[in-house]
Amino acid sequence: MPEQNIKPWQRRASPLTRQALLCLILLVAYASLYPFEFQRAAVGPFDYLFAPLPRWMTMFDVVTNVLGYVPLGVLTVLALHPAWRGTRAVLAAFVLGALLSCGMEALQTYLPTRVASNVDLATNALGALIGGAIAVPLTSPLLDRGWLRHLRFAWFERHASLLLVLLALWPWAQAYPQQFLFGDGDLVRQIWLWQDPDITDLVLDWVPKLGELQDYLSALDAVASHALWETVVTASGTVLAGLLATLAMRRSAPRVPLLCAMFISAFAIKAITSAWQFSPSQAFDWVTAGAIYGLIIGALVLAVAGRGPRSLRGALALAALVVLLVFVNLLPANPYYEAALQSWRQGQYVHFNVLARWLAWTWPYLVLIYLLAMFDPSHHGPARSVGKQR
């Protein structure tokens, strides 16, 4: 339906895009200010506005700064709909991008690892402007009663908005190098490694079975191959992501094409980020025998379980998630993987990698909360449709 034919009562606001915009602003602040080691500066926070153009600025830096703020412009226009539309919304996106970037650059004056730049401010604001301009023609079809909204409700469950956001984040969680393909969620291992040995020993005394499980997996690791563990982890991650996607879909949705698009996007992000951060020759180093076997096994499980009742698919997704979290957190770290990370020079990608790392750490736990809420009888959202057939 063309924008001019949309009636005022047909226009809809989107609380989800407003929440997403707030999360994006927090992520931008985190990426801009990490590692938060503020120190006293010899210049004022806004002196960079009138400083000479930096000599070390490259075309890569310019393009990256522009692209980094395009999502901000897109979400700003979507979040302001329907109160502000068209040129007014685009200008608001530009102003928000400029103010946010101005504040981040000012704070970077106090970070010894960062350099405040007026070029960064200009390119960030330009990115927000471009994002806003891109979003304007898509806003009404996506949020009002247009064709995008029609597809949204024709293919996906009405209460699946949160799940769709989690599914959209999953391919980006693969951007950070992992020990296993789709092996996200090793946050517990990291927290354990961050703790003082006295604390970890105390935990093992309280939960003796945990130590026994670690010893059992270590013994298995000594006799099993790395390919076997990667097969199990990759298969679990494949089943988890695929079944989550089917939980969001209606029976009438083109499930196979949608699932293929989701996995292809994850593979593409994995390959592109590997090529950028290591070298083009290493773009597909993650394509190992264990990863291939895991993908095949996971695809076979999806082909069978994907046709089952919703409650069964939810239970299998939860089981795959538990297997994934147990293996990625309790298996001994591969020494070659640890050595690769130690020698990895992240350089200009460090702030992107910080976000990717935290996303890879936390995504499975966000899914765990969702699935537990889904099976909670007192929950009035997705749990209502458990077992419902369409």
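Residues numbered from 1 in each chain as written. Predicted model: local features only at pLDDT ≥ 70, side-chain atom pairs only at ≥ 80, totals over all residues. Heavy atoms only, no water.

On to the packing of aromatic side chains. All told, the structure shown has 8 aromatic pairs when counted by the stated rule. Aromatic pair tryptophan 229 and phenylalanine 327: ring centres 5.6 Å apart, planes at 50°, arrangement tilted. You can see tryptophan 229 sitting in helix H10 (residues 226-248) and its partner phenylalanine 327 sitting in helix H13 (residues 310-330), a full 98 residues away along the chain. Phenylalanine 327 shares its class with tryptophan 229; the two are buried. (Phe/Tyr/Trp six-rings, centres within 6.5 Å; stacked < 30°, edge-to-face > 60°. Helix = DSSP H or I, 4+ residues; strand = E, 2+ residues; numbered from the N terminus. Buried < 20%, exposed > 50% of the residue type's maximum accessible area, 1.4 Å probe, protein only.)

What follows covers the packing of helix H6 (residues 161-173) against helix H11 (residues 255-277). Put simply, H6 and H11 touch, their axes get as near as 7 Å, and they point 30° apart. When the axis of H6 is compared with that of H11, the two are roughly parallel. In this structure, H6 uses Leu167, Trp170, Pro171 and Trp172 to contact H11, whose residues at the interface are Met262, Phe263, Ser265, Ala266 and Ile269. Of the residues contributing to the contact of H6 with H11, the split by class is 8 nonpolar, 1 polar and no charged. (Axes fitted to C-alpha atoms, helices over the stretch in contact; angles between N-to-C directions. Parallel < 35°, antiparallel > 145°, perpendicular 65-115°, else oblique. Contact = heavy atoms within 4.5 Å. Nonpolar A, V, L, I, M, F, W, Y, C, P; charged D, E, K, R; others polar.)

If you walk through the whole model with that rule in mind, you get 2 salt bridges. For arginine 250, the salt bridge is made with glutamate 157, and the minimal N-O distance between the two is 4.0 Å. With arginine 250 in the loop between H10 and H11 and glutamate 157 in the loop between helix H5 (147-155) and H6, the pair connects residues that are 93 residues apart, well separated along the chain. Taken individually, arginine 250 and glutamate 157 each receive the classification buried, so the pair is uniform in this respect. The residue arginine 357 makes a salt bridge to aspartate 186 at a minimum N-O spacing of 3.3 Å. (Salt bridge = Lys/Arg side-chain N within 4 Å of Asp/Glu carboxyl O.)

What follows is about the packing of helix H3 (residues 87-108) against helix H4 (residues 118-143). Closest axis-to-axis distance for the H3/H4 pair is 8 Å, and the angle between their directions is 155°. Comparing their axes, H4 and H3 come out roughly antiparallel. The hand of the H3/H4 crossing is right-handed. Between H3, through Val90, Ala93, Phe94, Gly97, Ala98, Ser101, Cys102 and Glu105, and H4, the contact on the second element is made entirely by Asp120, Leu121, Asn124, Ala125, Ala128, Leu129, Gly132, Ala133 and Val136. Here the residues of the contact of H3 with H4 are counted per class, giving 11 nonpolar, 4 polar and 2 charged. (Left-handed = near helix turned anticlockwise from the far one by under 90°.)

What follows covers the environment of glycine 294. Structurally, glycine 294 is set in helix H12 (residues 289-305). Sequence-distant contacts of glycine 294, defined by excluding residues within four places in its chain, comprise Thr231, Thr234, Ala235 and Thr238.

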